[in-house]
Amino acid sequence: MLGLGCPKQAFAKIATPRIDDLNDALNQLKPGAALTRIQAAWLGACLTCILLMNSVCWAKFERASLGDCKVAALSWVFRKASIPWDWLLRVSVVLILKRYGITEGVLAFDESDRARSKSTKRIYKVYKQKHKGSGGYVNGQTIVLLLLVTSSITVPVGFFFYMPDPALKQWDKEDKRLKKSGIAKKDRPIKPERDSAYPTKTEIALGLLKEFKVAHSLIKIKGVLADALYGEKAFMDEAAKESGGSQVISQLRKNQKIEYRGRIRSVESYFAVSPGRADSLQKAQGNLPIRSAR
C-alpha cells in the first residue's frame, strides 16, 4: 500500500538509520513489537516530512512528496496499522537519553492550550476554552506535558490530553445560576462524582510521573517543578514520594496561606507589607527581574 516510489523512497531513506535504531531497541524492550518494513518506511517518510514542513498535516506531506505519498494511504496506516505508539515514545526517549549520556535531571510539568476552531467536535479531547489572544471562546485541546530538564538538553518524556468532566462542568454552570437566583445550597443538585475518564490535571501529572519512573528507573530525579496549579499538599507529597524523596517546587497562589512569625496570612497580604528582595535571573535572552521573600 505504501510502495516505494522515488520521492517516498528518498524520504524513507533519510530517516532509515534512526528508524533502524528505534526498531532494534523496540524489539529488545518489547519482543515482537518491531515495525514491519511498510510501517518503518511510513514512519520514516512522516518524520522527514515533519522536519521539512514543520507541520503534521497529511495534505502537506502529499505535496512535499510531489503526490507520491497520498493522503488516504498516509492516513490509513496511521489509523489502522498496529503500531505500538506508547512503546515508540518510550523507546525514543531511551535512545535520546542514551545518546547524550543522561543519567539525571529535573522533571518539570507544563501544559499547553491548543486552539482549534469554534465548530470542530471530532478532534480528540476537544472542548470549549477561553482564547487568551482574543478574549473569546474556541474549541481547543489541553495537553499536560512532562519534561526532563538536564544540563545538556530538555526533552519531553510524557504527555496526556486533559478535558474537563462534561457532567461536572454542566453541574457547576447550573449551580452558579441557581446560587445567583438565591436558591439555598440544600435545594440545589448535589455535585456528581468525577468520571474516571476525565482525570484532573494533578491526577494526570502524578500518572505521568509514575510512568516515567517505571520506564526510566535508572534516571535519577533531582527535583520536580510545577506551576501554581499543582501547589497542593496532596500533589506535592505524592510527587516527592514517587520521585524518591526529591524536592518538589511549585509556584504559590496569591490566596494560599503561609505561616510567618507565628501568624497565618495569605501570600498576597504577606507581599503587600513585605515586598521582598529585588533581583534578576540570568537567561540566554537577557536578565529576568524576579522578587523573592526575605
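Within each chain, residue numbers correspond to sequence positions counted from 1 in written order. This being a predicted model, a pLDDT of at least 70 is required before a residue's local features are given, and a value of 80 or more before pairs of side-chain atoms are given or counted; all residues contribute to the totals for chains, interfaces and linings. In computing side-chain values, all of the structure's heavy atoms are included and hydrogens and water are not.

Attention now moves to the nonpolar core. We define the nonpolar core as a collection of buried residues of types Ala, Val, Leu, Ile, Met, Phe, Trp, Tyr and Cys that are connected through side-chain atoms lying within 4.5 Å of one another. Each residue gets one of three labels from its accessible area relative to the maximum for its type: buried under 20%, exposed over 50%, partly exposed in between, using a 1.4 Å probe on protein chains only. If you look at the biggest cluster of nonpolar residues, it comprises 28 residues, and the most contacted ones within it are Leu107, Phe109, Leu148, Val157, Phe212 and Phe235. Of all the elements in the fold, those that place two or more residues in this core are helix 5 (85–99), strand 1 (104–117), strand 3 (137–149), strand 4 (154–162), helix 7 (201–215), strand 5 (220–226) and helix 8 (233–242). The element best represented in this core is helix 7, accounting for six residues. Throughout, a residue-residue contact means that at least one pair of heavy atoms, one from each residue, lies within 4.5 Å. For phenylalanine 109, the contacting residues outside a window of four places in its chain are Leu145, Leu146, Ala205, Leu208, Leu209, Val224, Leu225, Ala226, Tyr230 and Phe235. Ile19, Ala33, Leu43 and Ile83 belong to the second-largest nonpolar core, a separate cluster that totals 19 residues. A run of DSSP states H or I qualifies as a helix once it reaches four residues; a run of E qualifies as a strand once it reaches two. Both are numbered from the N-terminal end.

This part covers the pairing of strand 4. A regular strand places its side chains on the two faces of the sheet in alternate fashion. Sheet analysis places strand 3 next to strand 4, joined by eight bridges and oriented antiparallel. Bridging across to strand 4, valine 149 finds its partner in threonine 154. Taking the residues that link successive antiparallel strands as the turn, the strand 3-strand 4 hairpin has four residues. When DSSP finds two or more bridges between a pair of strands, those strands are recorded as paired.

Two elements in contact, helix 7 and helix 8, have axes separated by 10 Å at closest approach and are oriented at 5°. If you check the angle between helix 7 and helix 8, you find them roughly parallel. The residues of helix 8 that touch helix 7, namely those facing Thr202, Ala205, Leu206, Leu209, Lys210 and Lys213, are Phe235, Glu238, Ala239 and Glu242. Residues are sorted three ways: Asp, Glu, Lys and Arg are charged, Ala, Val, Leu, Ile, Met, Phe, Trp, Tyr, Cys and Pro are nonpolar, and all the rest, Gly among them, are polar. Split by residue class, the contact of helix 7 with helix 8 holds five nonpolar, one polar and four charged. Simply put, an axis is a line fit to the C-alpha atoms, just over the touching stretch for a helix, and the angle between two N-to-C directions goes from 0 to 180 degrees. For classification, angles of less than 35 degrees are called roughly parallel, those exceeding 145 degrees roughly antiparallel, those between 65 and 115 degrees roughly perpendicular, and all remaining angles oblique.

Once that is clear, we can look at the pattern of salt bridges. Opposite charge on two side chains permits pairing when their charged atoms draw close. The salt bridge definition used is simple: a Lys or Arg side-chain nitrogen within 4 Å of an Asp or Glu carboxyl oxygen. Inspection of every chain in the model, using the stated rule, returns seven salt bridges. Of the charged contacts in the structure, one is a salt bridge between lysine 222 and glutamate 104, with a shortest N-O distance of 3.7 Å. One end of the pair, lysine 222, is in strand 5; the other, glutamate 104, is in strand 1, with 118 residues separating them in the sequence. Between glutamate 174 and arginine 177 there is a salt bridge, with the nearest N and O atoms lying 2.6 Å from each other. Linking glutamate 174 with arginine 177, this pair stays in helix 6 (residues 166–180), spanning three residues, or about one helical turn. Residue class for glutamate 174 comes out partly exposed when judged on its relative accessible area of 27%.

By the element assignment, glutamine 141 lies in strand 3. On the accessibility criterion, glutamine 141 (5% relative accessible area) is buried. A polar side-chain atom of glutamine 141 sits 2.7 Å from the main-chain carbonyl oxygen of tyrosine 124. Beyond its immediate stretch of four places on either side in the chain, glutamine 141 contacts Ser112, Asp113, Arg114, Arg116, Ile123, Tyr124, Lys125, Val126, Gln129 and Phe161. We define a polar contact as two N or O atoms separated by no more than 3.5 Å, with the added condition that, inside protein, one atom must be a possible hydrogen donor and the other a possible acceptor, whereas residues neighbouring each other in sequence contribute only through side-chain atom pairs.

Our focus in this paragraph is helix 2 (residues 37–53). Any helix carries an expected span of 1.5 Å times its number of residues minus one. Helix length check: helix 2, at 17 residues, gives a terminal C-alpha distance of 24 Å against a target of 24 Å (1.5 Å per residue), a fit within 8%. If you check which residues of helix 2 are buried, you get Gln39, Ala40, Ala41, Trp42, Leu43, Gly44, Ala45, Cys46, Thr48 and Cys49. At the exit of helix 2 stands asparagine 54, carrying a positive phi of roughly 55°.

Just geometry here; none of it tells us what the structure is for.
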